[in-house]
Amino acid sequence: MRHIAIIGSGPAGYYTAEAAQKQWGDEVSVDVFDLLPVPYGLIRFGVAPDHQSIKGVSRRYEKTALNENVRFVGNVAVGKDITVAELRELYDAVIFATGAPNDRQLGLEGEDLDNIFGSAEFVGWYNGHPKFADLDPDLSKGHVVVIGMGNVALDVARILSKTETEFEGADVVAHALESLLGSKIEKITILGRRGPHQIMMTPKELGELGALERASPRVDKDDFPDEAEDALLEPGLRKSVTHLRSFAAIPEDMHAEKAIEIEFDMFASPVRFLGDEKVEAVKVERTKVEAGRAVGTGETYEVPASMVITCIGYRTSPIPDVPFDERAGRFANDGGRILPGMYCVGWARRGPTGTIGTNRPDGYDIVEKIAEDLDGGVLGRKGKGGREAFDALANQRKLDIVTFRDWKKIEEAEEEAARAGAPREKFVDIESMIKASR
Ligand SMILES: NC(=O)c1ccc[n+]([C@@H]2O[C@H](COP(=O)([O-])OP(=O)(O)OC[C@H]3O[C@@H](n4cnc5c(N)ncnc54)[C@H](OP(=O)(O)O)[C@@H]3O)[C@@H](O)[C@H]2O)c1
């Protein structure tokens, strides 16, 4: 019997557990650890609460989780409750699937002013992540600036704009829903340092932005190159550009019918944040794109801002004893191999790009590599103590472990507490989660 520890129960973690199960069947025992008492990581805390069909992928992970030889070990902080060195003593392979939960910083003056948040914080707040439940963003004033032109920026702009009817069926947590519905936002400026032909937003999500009840997207016609150049774009990007062109063609009287304007300010790079305690404006430099890169033109202006959300990417949390690539913000690895017996998958391996499905081949690939390392003798000829040995240590340390069965009780309690039409009302603090699990 071989023993595998997967650290992180999000998409990367569960696709890897699934791959291991398929590869070795009863010959392997897989423990999937999570810092929190609840599984699924990005699916629960990152995917937008109004995108329930995407969240449905957790049913596939549940199938894996319910296998005899796979178990969920929640509420365990690796690096604190148990060290990486200890895990390596207990398991033949330790795989980090910890994602990229920290916001990248712009490194600009004024970035620590009040009411400036990174998207991990803001998305975590409306998705009920215990770390960000108390964020308390001030939505009582009119102009939000969202920095970045990727799908996270789109999620944030859409969630800030939706009406109560549009939130039907969403699992946005109660504290956030109340605050969002009481917001006084009139304008959202999406700042992108490049242009329409470099946008990272995908067509389906851009289409949703064009169909909001109380918000209307505005794009400047002058930002586009000649229409003939659209034909040179790859099909996905071409569709996104078609959406942007349709936004640019919205007549003024139609904009006027909507309470919120979502303005795309392209070729605009943030320079510094202005304000005393709270943010009041963003100083921006006009850019042009040269060889695909944004280059400053020296022309600057100010965009008023009562709140700022930066949506510019994420970094993995370093863990003691795991080599880290500071520049890239993820574990130092060679195709997922970190050190003999230590691996990484998903965003912790590749950085924060791709869809949820991108993690699936990652999981299968690392399992193949572990199989190679097993065959090559890299992981020793004899299996380690695994599950039993971990349980002995956990008992000794009095770790309060949450099992998958415990999680199902939390899930049931969250489903019972759901408001009409919503799938669940999430617990937003660890204590309540644990209480519901007992
Ligand atoms: N519904 C969905 O399918 C969905 C939803 C959410 C997220 N996702 C995926 O999750 C991944 C992460 O999404 P994301 O939106 O965080 O990342 P992203 O797609 O990489 O977009 C990041 C944006 O931030 C900008 N940016 C980065 N550094 C900047 C700086 N210093 N100043 C100004 N702008 C800066 C980038 O501009 P440049 O392009 O110029 O670098 C880009 O527009 C993506 O693969 C995304 O597609 C998917």
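The structure presented is a predicted model; accordingly, all values stated were derived computationally and were not measured.

1. Here's the deal with the pairing of strand β2 (residues 28-33)
Looking along a regular strand, one sees side chains alternate from face to face of the sheet.
Alright, step 1. With 6 of 6 residues buried, β2 lies mostly within the body of the structure.
Alright, step 2. Judged by which residues are buried, β2 turns out to be covered on both faces: Val28, Val30 and Val32 on one side and Ser29, Asp31 and Phe33 on the other are all buried.
Alright, step 3. Across 6 bridges, strand β1 (residues 2-7) lies against β2 in parallel orientation. Opposite histidine 3, over in β2, you have serine 29 as the bridge partner.
Alright, step 4. Viewed along the sheet, the connection from β1 through helix α1 (residues 11-24) into β2 turns out right-handed.

2. A word on the sheet that holds strand β18 (residues 337-339)
Alright, step 1. Pairing is mixed across the open sheet formed by 6 strands, whose spatial order is β3-β2-β1-β4-β19-β18. Both outer strands of the open sheet, β3 (70-73) and β18, are each paired with one neighbouring strand and no more. Strand-to-strand twist in this sheet, taken as the mean axis angle between neighbours without regard to direction, amounts to 25 degrees.
Alright, step 2. As paired elements, strand β4 (residues 93-96) and strand β19 (residues 342-344) share 3 bridges and run parallel to each other. Within the sheet, the bridge partner assigned to phenylalanine 96 lies in β19 and is cysteine 344.
Alright, step 3. Along the sheet, helix α14 (residues 386-396) makes contact with β1, β2 and β3, crossing β3 at roughly 20 degrees.

3. What about the sheet that holds strand β7 (residues 143-147)?
Alright, step 1. Pairing in this open sheet of 6 strands is parallel, and the strands run β6-β14-β7-β8-β10-β9 from one edge to the other. Edge positions in the sheet fall to β6 (116-118) and β9 (215-218), since each has one partner strand and no second. Averaged over neighbouring strand pairs, the angle between their axes works out to 20 degrees when direction is ignored.
Alright, step 2. Note: β6 against strand β14 (residues 307-310), 3 bridges, orientation parallel. Within the sheet, the bridge partner assigned to phenylalanine 117 lies in β14 and is isoleucine 309.

4. Some points on the UniProt feature "binding site: NADP(+)" (unreviewed entry) in the protein
Alright, step 1. UniProt feature "binding site: NADP(+)" (unreviewed entry): in the numbering of this structure it lies at Arg193, Arg194, Glu205 and Gly354.
Alright, step 2. When you line up the elements, arginine 193 lands in the loop between β8 (187-191) and α9 (203-209).
Alright, step 3. By relative accessible area, arginine 193 is classed as exposed at 56%.
Alright, step 4. Those residues in contact with arginine 193 that lie beyond four places of it in its chain are Phe267, Ala268, Ser269, Thr287 and Ala294.
Alright, step 5. Tracing the chain through its elements places glutamate 205 in helix α9.
Alright, step 6. Note on glutamate 205: relative accessible area 14%, which makes it buried.

Conventions adopted
- Residues numbered from 1 in each chain as written.
- Predicted model: local features only at pLDDT ≥ 70, side-chain atom pairs only at ≥ 80, totals over all residues.
- Heavy atoms only, no water.
- Buried < 20%, exposed > 50% of the residue type's maximum accessible area, 1.4 Å probe, protein only.
- Helix = DSSP H or I, 4+ residues; strand = E, 2+ residues; numbered from the N terminus.
- Pairing = 2+ DSSP bridges.
- Right-handed = clockwise from strand over helix to strand, strands pointing away.
- Axes fitted to C-alpha atoms, helices over the stretch in contact; angles between N-to-C directions.
- Contact = heavy atoms within 4.5 Å.
- UniProt positions renumbered as here; feature names shortened; annotations may be inferred.

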